[in-house]
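In case you want the letters, here they are:
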Amino acid sequence: MKASILSADEMRRALTRIAHEILERNKGAENLALIGVHTRGIPIAARLAAKLQELEGVDVPLGRLDITLYRDDLSEIAKQPIIRETEVPFDLSQRRVILVDDVLYTGRTVRAALDALIDLGRPEGIQLAVLVDRGHRELPIRADYVGKNLPTAKSEVVKVKLTETDGTDGVELWDLDEIQSVRE
Amino acid sequence: MTSPKPRHLLDFQDWNVERLAALLDNADTMLQVLDRPVKKVPALQGLTVCTVFFENSTRTRISFELAARRMSADVVSFAAGASSVSKGESIRDTIEVLSAYKVDAFVVRHQAAGAAHLVARYSGKPVINAGDGRRAHPTQALLDAYTIRREFGGLEGKTVAIIGDVRHSRVARSNAELLPKLGAKVILCGPATLLPRELAAESVTLTTDPREAVGNADAVMALRLQQERMDAGYVGSLQDYARVYQVNEDLLAFAPNEAVVLHPGPMNRDVEISSETADGPRSRILAQVENGQAVRMSTLYHLLVGRN
């Protein structure tokens, strides 16, 4: 590992701040919905929902989105052919949707997620929340809520770890070579 | 998934259990897509699927064409009757010409066993066998397996009785190949003249007694009996056949209460299956049609995604 970017406490504070920003910008939590993008966007969305409940006493509906069928980088899918569940158990119309992902990088995942969402219904608006924005956008996409802005090189990898998926909380920066040698 | 990804779906020879399970798992997602207001995803955008039916089958062709369209592929169909095949063009010429149009995948139905393999040799592109003679009809077996899996949550340890004209049935052969791979037992049942001994294998047993066949069955599949079989002397008359082998409520009284009924279609009502049973609570025949579209979407996805 090259550097620790966020500790568990810093991650918790960043998500608390995002929850406050969401409430401020939307003037409360009415008519909001949180939709997490597989894999790590889902637990992050759930944590934001818990914070909104704590701060505002509103149960914001939660959904999960798999964007595999909407990707434009087919070679990436070949490595991961299993499509996971998309579950949006509420009507999107009349709701402002906050799309949640762990890392914002090229913007291609978000582009695919926007297409997937719009095929499910017509939300009143869509906002984007990410834990880390690492730059290098290839599409005109930006996040509305960012936990941490992190300038990176393309030869680096941002690893987000969450208790729900990885047993521990934290964000780390690695070199691509380093990760490949660990895998080997 | 260490073995190489299969290039075609001609039969199940190159498909290991993990690949098959992944294909069926993804069919769950495809079914969800079919339930949405927008019944279409862009996964195969820019690709062209050609259905090549040397033997007519409107249902199967529509199922494949809709599956391809719902994945955003473009579809062209080649019907042999209306084409130069009737003027004597060979399969090879036909496929090479279609390939030159930059088709990305072929779905092939032919009356001769092995035709899909031949197409695979000349196409240079993925081929899905939509039925070749009596040999194989793999997507039908996949949709049967998927329907049973959805009903019972899995195939491991399940028993499937297939009753009827086994001899002339590619559906029976493909199911006898697929279901044991997925952990199920197959019982093939029909009059001795229509029950070839060589199909017996581990997990595939034969019987001429339909009551015995359905006794422990979780699913009972009736096969289509065609009039030509009477003419060729395999069975005496439709009435004689139906009296013993028709899948109906009298026969199902010998089956477990939870057993479901399948039919690959099109049905000859009151010949191989009674109308009452076809429309009754055990019938999953329309679910098979719906599942077929999802399974074919998943098949196209598995063969076409991640290729150039």
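Residues numbered from 1 in each chain as written. Chains lettered and ligands numbered in written order. Predicted model: local features only at pLDDT ≥ 70, side-chain atom pairs only at ≥ 80, totals over all residues. Heavy atoms only, no water.

### So, the overall build of chain A
The helix and strand tally for chain A stands at six helices and eight strands. The order of helices and strands in chain A, counted from the N terminus, is β-α-β-α-β-α-β-α-β-β-β-α-β-α. Taken against the 2.2 N^0.38 rule, which gives 16 Å for 184 residues, the C-alpha radius of gyration of chain A at 16 Å falls within 12% of a compact globule. The C-alpha extent of chain A, read off along each of the three principal axes, is 50 × 35 × 30 Å. (Helix = DSSP H or I, 4+ residues; strand = E, 2+ residues; numbered from the N terminus. Rg over C-alpha atoms; globule rule 2.2 N^0.38 Å.)

### Observations concerning the domain arrangement of chain B
Residue and element names in this part refer to chain B. As assigned here, chain B comprises domain 1 (17-137 + 289-304) and domain 2 (138-286). With 30 residues of domain 1 in contact, the opposing surface of domain 2 contributes 24 residues. Summing both partners gives a buried area of about 2,200 Å² for domain 1 against domain 2, and 59% of it is carried by carbon and sulfur. Summed over the three residues of domain 1 that lose the most area to domain 2, namely Leu 24, Arg 134 and His 137, the buried surface amounts to 34% of that side. Here domain 1 and domain 2 share three salt bridges between them. Note that Asp 28 is salt-bridged to Arg 149, the shortest N-O span being 3.8 Å. Counting across the interface, domain 1 meets domain 2 through 16 residue pairs in polar contact (both at pLDDT 80 or more). Those elements that provide at least two residues to the side of domain 1 that touches domain 2 are helix H1 (17-34), helix H2 (58-70), strand S3 (105-110), strand S4 (127-132) and helix H12 (285-304). For the side of domain 1 that touches domain 2, the element with the most residues is H1, which contributes nine residues. Class assignment for the residues of the side of domain 1 that touches domain 2 results in 12 nonpolar, eight polar and 10 charged. (Domains from an automatic or database assignment. Contact = heavy atoms within 4.5 Å. Buried area = accessible area lost by both parts, 1.4 Å probe. Salt bridge = Lys/Arg side-chain N within 4 Å of Asp/Glu carboxyl O. Polar contact = N/O pair within 3.5 Å; in protein donor to acceptor, adjacent residues only side chain to side chain. Nonpolar A, V, L, I, M, F, W, Y, C, P; charged D, E, K, R; others polar.)

### A few points about the sheet that holds strand S7 (residues 156-161) of chain A
Residue and element names in this part refer to chain A. Pairing in this open sheet of three strands is antiparallel, and the strands run S1-S8-S7 from one edge to the other. Each of the sheet's edge strands pairs with one partner strand only, and the pair in question is strand S1 (3-6) and S7. Neighbouring strand axes in the sheet, compared pairwise and without regard to direction, differ in orientation by 30° on average. With six bridges joining them, S7 and strand S8 (residues 170-175) adopt antiparallel strand pairing. The residue of S8 that forms the bridge with Val 160 is Val 171. Lying over the sheet, helix H1 (residues 8-26) contacts S1, S7 and S8, oriented at roughly 30° with respect to S1. (Pairing = 2+ DSSP bridges. Axes fitted to C-alpha atoms, helices over the stretch in contact; angles between N-to-C directions.)

### Let's talk about the nonpolar core
Counting residues in each nonpolar core, the largest one holds 87 residues, and the members touching the most others are Leu 65, Leu 69 and Leu 99 of chain A together with Met 71, Leu 142 and Leu 188 of chain B. Of the residues forming this core, the biggest block, eight residues, is contributed by H1 of chain B. Summarising the domain contributions, this core has at least three residues from each of domain 1 (17-137 + 289-304) and domain 2 (138-286) of chain B. Those residues in contact with Leu 142 of chain B, other than ones at most four positions away along the chain, are Leu 9, Phe 12, Leu 20, Leu 23, Leu 24, Leu 178, Val 295 and Thr 299 of chain B. Counting 31 residues, the second largest nonpolar core, distinct from the first, contains Met 11, Ile 22, Leu 32 and Val 132 of chain A. (Core = buried A, V, L, I, M, F, W, Y, C linked by side-chain atoms within 4.5 Å. Buried < 20%, exposed > 50% of the residue type's maximum accessible area, 1.4 Å probe, protein only.)

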